[in-house]
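Examination of the molecular architecture
The primary structure of each chain is shown beneath.
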Amino acid sequence: MLDKRYDHNQTEQEIYQLWLDLGVFSPERQIALLEKHGIKPKNKTFSVLMPPPNANAPLHMGHATYTIQDLMTRYKRMQGFKTVYVPGTDHAGFETQVVYERLLKKQQKSRFDFDRKTLFEDILAFVKENSGVAIQQLKRLGMSADWSRLTFMLDKQVIKTVYDTFKKLHEDGLVYRDFYLVNYSPHHGTTFSNLETEHIEKTTCLYFVNYKVKNSEEVITVATVRPETIFADTAIAVNPQDKRYKKLVDKTVINPLTGKEMPVIADDAVDMEFGTGALKITPGHDFTDYEIGKKHNLEIISIINLEGKLQGTGTEVDGLRVKQAREKTVEILKEKGALARINENYVHNLLVDYKDKLPIEPMLLPNWFVRVDGMAQQTIRAVEENKVKFNKPVWKKEMLRWLKDIRDWPISRQIVFGIRIPVWYNVEETKNVFVTFLDNQGNSHELLLENALTEGFTIEEIREGLQKLIAPTNAKYVIAEELPGDSYLPETDTFDTWFSSGQWPLTTLKYPDGEDFKEFFPTSFMDTMWDILFFWIARMLMFSLYLTEQVPFRQVYIHGMVTDEHGQKMSKSKGNVINPMDFIEKYGADALRMGILVGGNTAAREFSLSEDKVRGYRNFANKIWNMARFILGMVEQSDKSIPNFNEAVREKCTAEDTKILEELAILITDVNNSFKRLRFTDAGNAIYHFMWHRLADEYIEHVKNREDKDVALSVLTYCYNTCLKLLHPFMPFVTEKIWENMPKEKSIPLIIAPWPK
RNA sequence: GGGUCUAUAGCUCAGCUGGUUAGAGCGCUGCAUUCACAUUGCAGAGGCCUCUGGUUCGAAUCCAGAUAGACCCACCA
C-alpha cells in the first residue's frame with residue numbers, strides 16, 4: 001500500500017492541505033474537533049506569537065528556527081490546551097525602503113522624485129506584491145499557525161493601537177521633542193538609535209593641528225581624525241591634572257581656520273595619554289564633545305547639513321561632502337602652517353550604520369523621544385521577580401544590564417515607509433519650519449515655509465507635495481490621525497519600527513477589547529534570537545507592562561544563530577548561505593525541522609546545520625516509513641485480526657514485550673521531562689534512538705521470529721503509534737501521513753491525538 | 001575599558017546536582033543484498049576530555065591561574 005520510499009514532496013503538500021481543510025490551527029475549531037471525538041479539552045490556553053518576518057522577503061535559514069515555536073504549539077495542542085499560534089508579517093520600514101530605493105535606482109530614479117504619499121503607496125504595493133512568499137514558505141515549514149489571525153504591521157488596527165499608545169505616552173508626559181545630537185546617516189537620510197549603529201575598525205590619518213595661544217608665541221597641538229570639523233570648534237580641553245597644560249587653562253586660543261577666539265578649558269573626560277593630551281571640542285558634531293560643551297556652556301555650531309555636505313564655513317569647503325571637505329581642509333591648514341604632522345596609519349573605531357556600514361554623522365536635529373526610565377524600572381522589577389522566565393540565566397542578566405543602563409529612546413525616523421508620527425504643526429503659528437516639497441509641476445523646493453508662502457505656494461500645495469518637514473523644537477502641534485485643519489502640515493517622521501513591533505503582543509491580540517486579548521494574553525511562549533533581545537523583547541516587556549501592568553509572555557526562549565557546518569555565520573560574502581527551501585525540496589521539511597531541533601542545541605549561542613545532518617534525518621523519515629510498511633505488511637498477512645493493545649494482550653506478553661513496554665514508558669517520561677525543561681534536543685534524540693535502534697533494529701527483528709505474532713504485533717503497533725505521537729511535533733508531516741494508515745482505535749487526526757502520558 | 005560564553009573522537013556537538021569501561025550523529029574501515037528499509041543491517045577503528053595547579057576516597061564535571069577562540073555593551077579625539 002505504501003511506496004517503498006517515502007516521498008516527502010508529495011506528502012507534505014497533501015498533509016498541510018489536510019490540516020487546513022480540518023481548520024485545526026484555529027483554537028475554536030480545535031476544541032470543536034476534540035469534542036466531536038469525545039475528548040475533553042484542558043480548560044487552559046496556550047498561545048504563541050510569531051515574530052513577524054519581513055513581508056516582502058523570502059525566508060532565510062534563521063526562520064527555520066520557527067519550528068521551535070511550532071514544536072511547542074503542537075506539543076501543547078496534543079496535550080489538549082486550547083492552542084493558538086498567531087502569525088504575522090512586518091513592514092520592516094527601513095529595510096524595505098532600502099530595498100525599494102535600490103529598485104528605483106535601477107530605473108534611474110530616487111525617492112526624491114516622489115511626494116511622501118505616492119512613495120508610501122508605491123512601496124506598499126511592492127510589499128503586497130511580494131508578501132505571499134514568506135507565508136507560503138512558513139506553510140512549507142509546517143507552521144501550524146492560525147492564518148485567519150494573520151496580522152500585518154500596517155493593518156488598521158495595529159496603527160490604531162500604536163497611535164493610542166503614543167497619545168497615552170504623550171498625556172503621561174513621556175513623549176518629548178528635543179534638539180539632540182543624534183546618529184544621523186547622510187546616506188540613508190535618517191536617524192538611528194544607538195542599537196542600530198556599530199563601530200568598525202578603520203585605518204585613517206590622525207592629524208596634529210596647532211592652535212595659537214592669543215598674545216603669545218605658544219601653540220597647543222591637538223590630534224584629530226576630523227580636521228573638517230575645526231570650523232565648528234568652540235574650545236580646547238585638557239585634563240585638569242595635566243601639568244603640561246596647567247598654565248594654559250583659561251587662556252584663549254585662536255581657531256586656525258576661522259580665526260575665532262576660543263577658551264582652553266579643563267575637563268576630566270580628556271585622556272592625558274592620548275595624542276597630545278589636548279582635545280578640540282566640537283559640540284555640534286561629536287558625542288563626547290557635546291557632553292563637555294553642555295557642561296561648560298559652549299556654543300554649539302553645526303556645519304554639516306542633512307545631505308552630509310559642509311555649509312556655513314564661508315570657505316571653499318562649503319558644498320563639499322565630508323570626505324572631500326576633509327582633504328580640502330587639510331590643504332588649507334597646510335597653507336596656513338597650522339598642520340604639525342600626520343600619522344597616516346592610525347587605526348580607529350568608526351561609527352557606522354548596521355545596514356550598510358556607512359559613516360554616521362552625529363547631528364543636532366529635532367527629534368521625538370520617549371522617556372523610558374519609568375517603564376524600564378517597571379520592567380526590571382518584573383524580570384527580577386521572574387514574572388517572565390528566560391530559558392538561560394544569562395539572558396535575564398543581559399536584559400537587566402541593558403535596562404539598568406537605558407537612555408531615552410529616539411523614535412523618529414526620517415523614512416517614508418512606516419507609521420507616521422501622528423502630529424500636525426499649525427504653520428500659521430509656527431512659520432519657521434523647513435519644508436521640502438514637489439510643486440504642482442513636480443519641481444522640487446527646499447526652503448523655509450515663510451519664504452515658500454511669500455513665493456506664492458499655498459499650504460495645500462505644499463502639503464500635497466510634501467517630502468520632508470523640519471519643525472523647531474518649540475513648534476506648536478496637535479496629535480491627530482487625520483488633518484485637523486487647513487493651516488496644518490504633517491510631521492513627516494515615522495516611528496522607529498521597534499516602536500510598533502514592540503506592541504506586537506497587544507496589536508495581534510487586539511488590545512484592549514478584543515476577545516483574543518482577553519483569552520490569550522499574556523501569551524505562553526516567546527521564541528526569538530538573542531540579536532533582538534533589546535530591540536524587541538525588552539520593548540515588548542516595557543510596552544505591555546506600561547499599558548497592561550502584565551508581562552506579554554511568561555516564558556522567553558532565546559535560541560542561537562544557525563551557522564554552517566563549520567560553525568561559520570552564513571553570509572553572502574562567504575558564499576555559505578543555505579536557502580531553507582532548498583533543503584525542504586531535497587530532504588523534506590520534517591528533515592529540516594529535525595536538523596534544527598535535534599541536530600544541534602538550539603539554546604546554544606550558535607548551532608551548526610549541515611546538509612549531512614539533514615540528509616540523516618531524511619533517512620530517519622524513510623526509516624519510520626518502512627517500519628510502518630513492515631507492520632502493515634504483517635497485519636495483512638495475519639488474517640487481519642490484530643487485537644488493540646489492552647489488558648488481555650498484556651497478560652500474554654513475553655519478557656521481550658514487557659521490556660520494550662517498560663522502555664516505552666521511560667521514553668514517555670523522559671520526553672515529557674525534556675519538554676518541561678525546554679531541552680528539545682534531548683527529547684528528539686530519545687525518540688530517534690528508541691524508534692530506530694530499539695524498536696526497529698531489535699524489537700522488529702525479534703517480532704519476525706515470534707510464534708504468537710498477534711501479541712507481538714499488538715505490542716509493536718502500540719509502541720509504534722505512541723512514538724508517532726511523540727514524534728509528531730518534531731516531524732509533523734510524515735507522522736500524520738503514516739498515522740492515517742495505521743490500525744488504531746480512534747480515527748482522530750494525529751495533530752490533535754491525545755499526548756502520551 | 002566593562003561584561004559574558006566556549007575549549008570533549010576527523011567534523012558538529014551531548015555529557016544536567018562530581019561516582020562503573022567518556023557518548024551521539026555524520027565521516028572513516030571491514031563484512032552482509034532476492035529479507036519493511038542500501039535513504040539498510042552487523043562489526044570495528046578512533047579521545048593526555050586545551051594546559052598547570054588545587055579541593056576530594058574519587059574530577060571531563062567543582063575552584064584558581066594560564067593559553068586559545070567567540071560574543072555583547074561602551075568607546076579616546
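The text that follows walks through the structure, step by step, so that each part is easy to find. The residue numbering used here restarts from 1 in each chain and proceeds along that chain's sequence as written. To read the labels, note that chains go from A and ligands from 1, taken in the order they are written. At least 70 in pLDDT is required for a residue's local features to be given in this predicted model, at least 80 for side-chain atom pairs to be given and counted, and no such filter applies to totals for whole chains, interfaces and linings, which use all residues. Values reported for side chains reflect all heavy atoms of the structure, with hydrogen atoms and water molecules removed beforehand.

1. Here's the deal with the packing of helix H1 (residues 8–22) against helix H18 (residues 580–587)
When two helices pack together, their arrangement is captured by the angle between the axes and the distance separating the axes. Using the following cut-off: To get an axis, a line is fitted to the C-alpha atoms, and for a helix only the part in contact is used. The angle between two axes follows their N-to-C directions and goes from 0 to 180 degrees. A run of H or I in DSSP becomes a helix once it reaches four residues, and a run of E becomes a strand once it reaches two; helices and strands are each numbered from the N terminus. Put simply, angles under 35 degrees are roughly parallel, angles over 145 are roughly antiparallel, angles from 65 to 115 are roughly perpendicular, and the rest are oblique. Any pair of residues with heavy atoms lying within 4.5 Å of one another is described as a contacting pair. Ten residues, namely Ala, Val, Leu, Ile, Met, Phe, Trp, Tyr, Cys and Pro, are considered nonpolar, four, namely Asp, Glu, Lys and Arg, are considered charged, and the remaining ones, Gly among them, are considered polar.
In the contact formed by H1 and H18, the axes pass within 7 Å of each other and the chain directions differ by 110 degrees. Taken together, the axes of H1 and H18 are roughly perpendicular relative to one another. Contact with H1, carried on its side by His8, Asn9 and Glu12, involves Ile584, Glu585, Lys586 and Tyr587 of H18 and no other residues of that element. Residue classes in the contact of H1 with H18 are distributed as two nonpolar, two polar and three charged.

2. Section: the nonpolar core
Cut-off, in case you're wondering: The set of buried Ala, Val, Leu, Ile, Met, Phe, Trp, Tyr and Cys residues whose side-chain atoms join them within 4.5 Å is what this entry labels a nonpolar core. With a 1.4 Å probe rolled over the protein chains alone, any residue whose accessible area is under 20% of its type maximum counts as buried; one over 50% counts as exposed, and the rest are partly exposed.
Residues Leu592, Phe675, Leu695, Tyr720 and Phe730 are the most contacted members of the largest nonpolar core, which totals 110 residues. Ranked by residue count, the leading element in this core is helix H20 (residues 611–637), at 13 residues. Residue contacts for Phe730: discarding those within four places in its chain leaves Leu71, Asp590, Arg593, Met594, Leu597, Val598, Phe675, Phe680, Ala683, Gly684 and Ile687. With 89 residues, the next largest nonpolar core counts Tyr100, Leu119, Phe390 and Trp409 among its residues.

3. Describing the packing of aromatic side chains
In plain terms, the rule: Stacked, edge-to-face and tilted are the three classes for Phe, Tyr and Trp ring pairs, Trp counted by its six-membered ring, which pair at centre distances within 6.5 Å; planes under 30 degrees apart are stacked, over 60 edge-to-face, the rest tilted.
Under the criterion given, the structure shown has 42 aromatic pairs. Seen in terms of ring centroids, Tyr75 and Phe675 are 3.8 Å apart; in terms of plane orientation they differ by 10 degrees. Their pairing is stacked. Of this pair, Tyr75 sits in helix H3 (residues 66–78) while Phe675 sits in helix H22 (residues 655–676); the two residues are 600 residues apart in sequence, bridging distant segments of the chain. The exposure classification of Tyr75 matches that of Phe675, with both residues buried. Between Tyr75 and Trp755, the aromatic rings sit 5.0 Å apart at their centres with planes inclined by 85 degrees, giving edge-to-face as the arrangement. Of this pair, Tyr75 sits in helix H3 while Trp755 sits in the segment after helix H25 (732–741); the two residues are 680 residues apart in sequence, bridging distant segments of the chain. With relative accessibility at 5%, the residue Trp755 sits in the buried group. An aromatic cluster is present here, built from Phe166, Trp368, Trp409, Tyr425, Tyr477, Phe495, Phe499 and Phe543 joined pairwise through their rings.

4. What to know about the pattern of salt bridges
Here is the rule: Whenever Lys or Arg places a side-chain nitrogen within 4 Å of a carboxyl oxygen from Asp or Glu, that contact is recorded as a salt bridge.
Applying the stated criterion across every chain yields a total of 45 salt bridges. A salt bridge links Arg694 to Glu698; its shortest N-O distance comes to 2.5 Å. Of this pair, Arg694 and Glu698 both sit in helix H23 (residues 680–704), four residues apart, which is roughly one turn of the helix. Given the relative accessible area of 15%, Arg694 is considered buried. With a closest N to O distance of 2.7 Å, Arg706 and Asp708 form a salt bridge. A relative accessible area of 9% places Arg706 in the buried class. Taken together, the salt bridges that share partners define one network made up of Glu28, Asp146, Arg149 and Asp516.

5. Let's talk about the protein's contact with RNA strand B
Here is the rule: Near, as used in this document, describes a residue that has one of its heavy atoms within 4 Å of the molecule or strand being considered. Throughout this description, a polar contact denotes any pair of N or O atoms lying within 3.5 Å of each other; where both atoms belong to protein, one of them has to be capable of donating a hydrogen while the other can accept it, and for residues adjacent in sequence the pair is counted only when both atoms sit in side chains.
In the neighbourhood of RNA strand B, 43 residues make up the surrounding shell, with Phe274, Ser608, Arg677, Arg679 and Trp692 lying closest. At a separation of 2.7 Å, a sugar or linking oxygen of RNA strand B approaches a polar side-chain atom of Asn622. Residue assignment for the surface near RNA strand B shows that the elements contributing at least two residues are strand S8 (219–224), strand S13 (339–353), helix H11 (393–404), strand S28 (606–608), H20 and H23. Class assignment of the residues belonging to the surface near RNA strand B gives a composition of twelve nonpolar, twelve polar and 19 charged.

6. Some details on a negative patch on the surface
Note the threshold: Excluding any residue in a salt bridge, patches collect residues exceeding 30% relative accessible area, merging like charges within 9 Å and nonpolar Val, Leu, Ile, Met, Phe, Trp and Tyr side chains within 5 Å. Using a 1.4 Å probe, the Shrake-Rupley method yields the accessible areas, and only the shown protein chains count as cover for residues. Positive charges come from Lys and Arg, negative ones from Asp and Glu, while His and the chain ends are left out of the count. Charge positions come from single atoms, namely NZ of Lys, CZ of Arg, CG of Asp or CD of Glu.
On the surface, Glu428, Glu429, Glu460, Glu464 and Asp486 cluster together into a negatively charged patch. Residue position: Asp486 is located in the loop between strand S22 (477–479) and strand S23 (488–490).

7. So, the sheet that holds strand S5 (residues 175–185)
Using the following cut-off: Think of it this way: DSSP has to see at least two bridges between two strands before they count as a pair.
Here we have four strands laid out as an open sheet, ordered S6-S5-S14-S16, and antiparallel in their pairing. Looking at the sheet topology across the chains shown, the edges are occupied by strand S6 (190–192) and strand S16 (409–410). Pairing between S5 and S6: three bridges, direction antiparallel. Along S6, the bridge assignment pairs Tyr184 with Thr191.

8. Examining the environment of Glu461
Along the chain, Glu461 turns up in helix H13 (residues 459–465). A sequence separation of 232 residues divides Glu461 from Thr229, and the C-alpha atoms of the two residues are 38 Å apart. Here Glu461 is in contact with Leu438, Asp439 and Asn440, once residues within four sequence places are set aside.

The values are spatial; any link to function lies outside them.
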